[in-house]
Every structure is written in structure tokens, then in C-alpha cells.
Amino acid sequence: MISLKNKNIIVCAGSSGIGRGVVAVLSKYNANITTFSRNIEKLNLLKKYIKEETNNDINTVKADLSKKEDIINVVKSHHNEYGDIDALVMNYGDPRVDNFLKLDMDDWDYNIDMMLKSTILLTKFAADDMIKKNDGRIIYITSMTTKNPLKDFAISNTLRSGIVALGKTLSIELAPHNITVNSISQGYFYTDRLKDIISKRSEELNKNYDEIMDNIKSEIPMNRFGKPEEIGNLVAFLASDLSSYITGDNIQIDGGAVKSI
Ligand SMILES: NC(=O)c1ccc[n+]([C@@H]2O[C@H](COP(=O)([O-])OP(=O)(O)OC[C@H]3O[C@@H](n4cnc5c(N)ncnc54)[C@H](OP(=O)(O)O)[C@@H]3O)[C@@H](O)[C@H]2O)c1
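Residues numbered from 1 in each chain as written. Predicted model: local features only at pLDDT ≥ 70, side-chain atom pairs only at ≥ 80, totals over all residues.

A closer look at the overall build of the protein
Heads up, the condition is: Only DSSP runs of H or I covering at least 4 residues are called helices, and only runs of E covering at least 2 are called strands; the numbering of each starts at the N terminus. Here the radius of gyration uses the C-alpha set of atoms, whereas the globule reference equals 2.2 Å times the residue count to the power 0.38. Residue burial here comes from a neighbour count, namely the number of other C-beta atoms, placed from the backbone, that lie within 10 Å of the residue's own C-beta, with 20 or more meaning buried, 12 or fewer meaning exposed, and in between meaning partly exposed. Note on contacts: each residue gets a C-beta atom placed from the backbone, and two residues are in contact if those atoms are within 7 Å.
Along its length, the protein carries eight helices and seven strands. What you see for the protein is a C-alpha radius of gyration of 18 Å, in line with the 18 Å of a compact globule of 261 residues. In terms of overall dimensions, the protein has C-alpha extents of about 55 × 40 × 35 Å along its principal axes. The buried share of the protein, reckoned over its 261 residues, is 41%. Contacts in the protein between residues far apart in sequence, at least 24 positions, make up 74% of those at least 6 positions apart.

The following block contains the structure:
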């Protein structure tokens, strides 16, 4: 059985969508959770919802992944509240989706800070804590674009592949400290992000929203979108002792959407 009691876990970008689903599942297993995002109202609602649903008190911090000083504050708050980090779950905001030629250097700079540098900085903090305990779990929630790069997703395709490569490298370097490092490459999950992408595509192609949605679903063998809690279940397993011999992997959770083996 999965047990996360007394596990101190940081979940990034947890106020909605996939991050929220992860926080909800880890709370069911009574983990000590710090989560953060930019919008304090959304975080307050999350805290209330989690308390009502699971009776778990979570630690929330207003912080922007793209700002180094905010990340340092998140780690300070987590240390004050719970102590060392046992598991780090990297999840992100939404990189701009557009043709490469329309992206400017500000788009790249922001997303390099928000996705890549935040991962490096938080992983450094987490690894320092985990090495002391000779135990730890690092989990990068990336995207199916790491296995199947998509048109108009240049930022996502590029940065997330770098994050998976970092995870693979660290799975080798941190294995002697009993720290596992894995990535998750999710397919289509029905969140605000996906709703925005469908709306944009429906405007561009002049087709209605449901038609676009059905077109995407028809390419998924399970013929449905994922639910954020389904990623939460995978994260709970990877954060638990049950996954002790799994490291360096990039695990698909996509209803079969990526067809390569
Ligand atoms: N949904 C999918 O089908 C899918 C598929 C593949 C990959 N992904 C990726 O998975 C990640 C999560 O997606 P989602 O669908 O859950 O998106 P979402 O519903 O839009 O949620 C994004 C979350 O990120 C937070 N956030 C945004 N920018 C942030 C920043 N700079 N610093 C801290 N927090 C920030 C938002 O909270 P605040 O507004 O409060 O900051 C929100 O909680 C994204 O990177 C997305 O591109 C999603």
C-alpha cells in the first residue's frame, strides 16, 4: 500500500489543473505538502478544498517559478513548516504555443527561467536535503512533446526535452545517494490549458470547439482525455517506497496517444 505519511513534498504550480490533481492525491495519502503559484486567491481556494476533501493542511506560498528569489522563499517556507524535502515534484506554467517565427527572445527568456532554471534551482535544494537522509524522490512532470514533438510547441519541445535529459543525468549521479529521478510525459489532460489550446485551434480552423475536441480524442486509443488525479496517482506511486528501483525513466501517461515504442 502507498504510504506518504511524514513525507515532505514540494509540488510546483499546484493551484489548478495537473498540479492541483497531484496535490489532491498526495493529500489523500497524508503527505506534508508545500505548493505554490502566482495567484493567492486560487491557492486559498485550493487550501480550503483540500482541507474539506482530505482533512490535510497544506502549506501554500505565493511564488513565481520564473523568479529565483520566489523559489528561495518557497524552500525557506517548506523548511520552516516541515523540514527537509523528501520529494520534489516539478510541474510548470504554460509555455507559449506558437510558430517558431512568431516567438521572440522574451518568450524564450521567460520560459527558460520558468521551466529550466527553476528545475535546476529546486533540484539543487532538494538534492542537498535528500543526500543528508540518503533517500529521496525527484519527479519532473513534462509532456508527451518529449517523445512526440508537436508543431507550434517549439518552447515546450525544446525545454522539456532538456529537463528529461537533466533527469536522466541525475538518475545516474544521485543513485549512490538512494535518490531516484524520473520524468512523466503526459498526453492530453482536460484542464484550463487544454481548453485554451482547443479554443485557439477552433478559431484558427473555423471549426466548433466540440469538433476539435473529438478530433483530438480520436487520436487517443482510450478515446478520452486524462484526469489530473490520474497523474496524481502516478506521482504518489513514484514518491512512495513502492517505486524504489525505478529511476531514469520518462513514463508515458497518455491513454496510448504516443504510438512509438
Ligand atoms: N493539460 C494538458 O493536456 C497538458 C499536456 C502536456 C503538458 N502540459 C503541461 O503541464 C503543465 C500544467 O498544465 P495544466 O494543464 O495543469 O495547466 P493549467 O491548468 O493552466 O495550470 C497551470 C498552473 O501553473 C501555474 N502557473 C502558471 N505560471 C506560473 C508561474 N510562472 N509560476 C508558478 N506557477 C505558475 C498556474 O497557477 P497561477 O495562475 O496561480 O500562477 C496553474 O496552477 C503545463 O506546463 C502544461 O503546458 C499540459
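We are not done yet, so read on.
With respect to the nonpolar core
Among soluble globular proteins, nonpolar side chains are generally buried collectively. Quick reminder of the rule: Nonpolar core, as used here: buried Ala, Val, Leu, Ile, Met, Phe, Trp, Tyr and Cys residues forming one set through C-beta atoms within 7 Å.
The biggest cluster of nonpolar side chains holds 61 residues, and the ones touching the most others in it are L26, L88, V89, I139 and V235. At seven residues, helix α4 (residues 105-133) tops the list of elements feeding residues into this core. Apart from residues lying up to four places away in sequence, V235 is in contact with V22, V25, L26, V89 and I139.

Some points on α4
Every α-helical turn comprises 3.6 residues, leaving residues that sit three or four positions apart pointing alike. So the rule is basically this: To estimate how far a helix should extend, the number of its residues minus one is multiplied by 1.5 Å. To get the bend at any residue, fit one axis to the seven residues that end at it and another to the seven that begin at it, then take the angle between the two axes.
Helix length check: α4 (29 residues) gives 41 Å between terminal C-alpha atoms against 42 Å at 1.5 Å per residue, within 8%. Its axis deflected by about 35° at K117, α4 carries its strongest bend there. Contact partners of the buried residues in α4: β1 (8-12), α3 (68-81), β4 (87-90), β5 (136-141), α5 (154-173) and β6 (179-186). Note on α4: the residue one or two positions beyond its end, N134, has a positive phi of about 55°.

Focus: the site of the ligand
Put simply, the test is: Put plainly, near means the residue's C-beta atom, positioned from the backbone, lies within 6 Å of the molecule or strand in question. What fixes the domain bounds is an automatic or database domain assignment.
The local shell around the ligand holds 26 residues, among which G17, S37, N39, G93 and R193 are the closest. Every element with two or more residues in the shell around the ligand is listed here: α1 (17-28) and α6 (192-205). When we break the shell around the ligand down by domain, the ones giving at least three residues each are domain 1 (8-189 + 226-253) and domain 2 (190-225).

Structural notes on the domain arrangement of the protein
How we decide: The classification used treats Ala, Val, Leu, Ile, Met, Phe, Trp, Tyr, Cys and Pro as nonpolar, Asp, Glu, Lys and Arg as charged, and all other residues, Gly among them, as polar.
In terms of domains, the protein is made up of domain 1 (8-189 + 226-253) and domain 2 (190-225). Computed over C-alpha atoms, the centres of domain 1 and domain 2 are 25 Å apart. In this assembly, 10 residues from domain 1 lie in contact with nine residues from domain 2. In terms of residue class, the side of domain 1 that touches domain 2 is built from five nonpolar, four polar and one charged.

Here we look at the environment of F100
Relative to the elements of secondary structure, F100 occurs in the loop between β4 and α4. Between the C-alpha atom of F100 and that of L238, which follows or precedes it by 138 residues, the distance is 34 Å.

Quick word on helix α8 (residues 228-239)
What counts, and what does not: Regarding the arc, it is the one traced by the directions from the helix axis to the C-beta atoms.
With 12 residues, α8 should reach 16 Å at 1.5 Å per residue; the first-to-last C-alpha distance of 16 Å fits that figure. When α8 is considered as a whole, its buried residues turn out to be P228, I231, G232, V235, A236, L238 and A239. Looking down the long axis of α8, one finds its buried residues gathered within 165° of arc, a one-sided arrangement. In the core, the buried residues of α8 are packed alongside β1, α1, β4, β5, β6 and β7 (250-253).

Topic: the pairing of strand β3 (residues 59-62)
Defined as follows: Paired strands are those between which DSSP finds at least two bridges. Here a crossover is taken to be right-handed if, once the strands point away from the viewer, the path from the first strand over the helix to the second is traced clockwise.
Sheet topology note: the strand β2 (residues 32-37)/β3 ladder contains four bridges and is parallel. By the bridge assignment, S37 is partnered in β3 with K62. Following the chain from β2 across helix α2 (residues 40-54) to the adjacent parallel β3, one finds a crossover that is right-handed.

Regarding the environment of Y29
Mapped onto the elements, Y29 comes out in the loop between α1 and β2. Owing to 19 C-beta atoms within 10 Å, Y29 belongs among the partly exposed residues under this scheme. It is 6.5 Å that separates the C-alpha atoms of Y29 and K5, two residues lying 24 residues apart in sequence. Apart from the residues lying within four places of it in its own chain, the contact partners of Y29 are I2, S3, L4 and A236.

Considerations on unusual backbone geometry
Most peptide bonds are trans, and most residues other than glycine sit at a negative phi. With a phi angle near 70°, N6 is a residue other than glycine that sits in the positive phi range. Counting through the fold element by element, N6 comes out in the segment before β1. The exposure class of N6 is exposed, given the 11 C-beta atoms found within 10 Å. With a phi angle near 60°, N178 is a residue other than glycine that sits in the positive phi range. Residue classification places N178 among the partly exposed positions, given that 14 C-beta atoms sit within 10 Å.

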